[in-house]
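Remarks on the overall topology
Next come the chains, spelled out residue by residue.
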Amino acid sequence: MTFKTFLYLFSISIIAFVIHFFLVENVVPKNELVKWTYSIANLYTIFFVFSVVIMSLLLFVRTKNLDYVGYTYLIATSIKMGIAYFLLRPVLATTTDENSTEKINFFIVFICFLAIETLLTIRILNNKQ
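Okay, so let's go over this structure. All figures in this text were calculated on a predicted structure; none of them were measured in a lab.

Quick notes on the rules
Residues numbered from 1 in each chain as written. Predicted model: local features only at pLDDT ≥ 70, side-chain atom pairs only at ≥ 80, totals over all residues. Heavy atoms only, no water. Helix = DSSP H or I, 4+ residues; strand = E, 2+ residues; numbered from the N terminus. Expected span 1.5 Å × (residues − 1). Buried < 20%, exposed > 50% of the residue type's maximum accessible area, 1.4 Å probe, protein only. Bend = angle between axes of the 7 residues up to and from the residue. Patch = residues over 30% accessible without salt bridge, like charges linked within 9 Å, V, L, I, M, F, W, Y side chains within 5 Å. Areas by Shrake-Rupley, 256 points an atom, 1.4 Å probe, with all protein chains shown as cover. Salt bridge = Lys/Arg side-chain N within 4 Å of Asp/Glu carboxyl O.

1. Remarks on helix α1 (residues 2-27)
Across its 26 residues, α1 extends 37 Å between first and last C-alpha, which sits within 8% of the 38 Å expected from 1.5 Å per residue. Those residues of α1 lying buried are Thr5, Leu9, Ser13, Ala16, His20 and Val24.

As structure tokens, then:
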């Protein structure tokens, strides 16, 4: 279960990154990409590390007591959301038209990894071995 969880996380993250990167490279003007605070690769790396830490924590808690996995997920996700807000503050501080695509990309990556973590947590909770 442990290896499969991280394999799913890695596989889905790579697929999402390739699709997102391809869309950004072909849709967003090149002069706008230079002004971004966080590149797409940086965002995916940051959120992938968050997800690995959260999944590791959930798998550890699962070995101790399955009843606390859901609570741990909620707490870890809330902490991740707080950290993400502090990462997003420089982007939110600037209000230009060019900045709007960076905000959208940040939230797309956040929601993508939130969905991945939720699905993997559901798999952990449904596997009651």
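Don't stop here, the text continues.
2. Section: helix α4 (residues 69-93)
The terminal C-alpha atoms of α4 lie 36 Å apart, and with 25 residues this matches the ideal 36 Å at 1.5 Å per residue to within 8%. A maximum bend of about 35 degrees is found in α4 at Leu87, where proline Pro90 lies one to four positions downstream. Within α4, burial applies to Val69, Thr72, Tyr73, Ala76, Thr77, Lys80, Ala84, Leu88 and Val91.

3. Thoughts on the environment of Arg89
Within the fold, Arg89 resides in helix α4. As for Arg89 and Val27, which are separated by 62 residues in sequence, their C-alpha atoms are 25 Å apart.

4. Some thoughts on a nonpolar patch on the surface
Together, Ile15, Ile19, Phe22, Leu23 and Val27 give the surface a local cluster of nonpolar side chains, amounting to about 530 Å² of exposed area. As for its placement among the helices and strands, Leu23 is situated in helix α1. Since its relative accessible area comes to 46%, Leu23 is described here as partly exposed.

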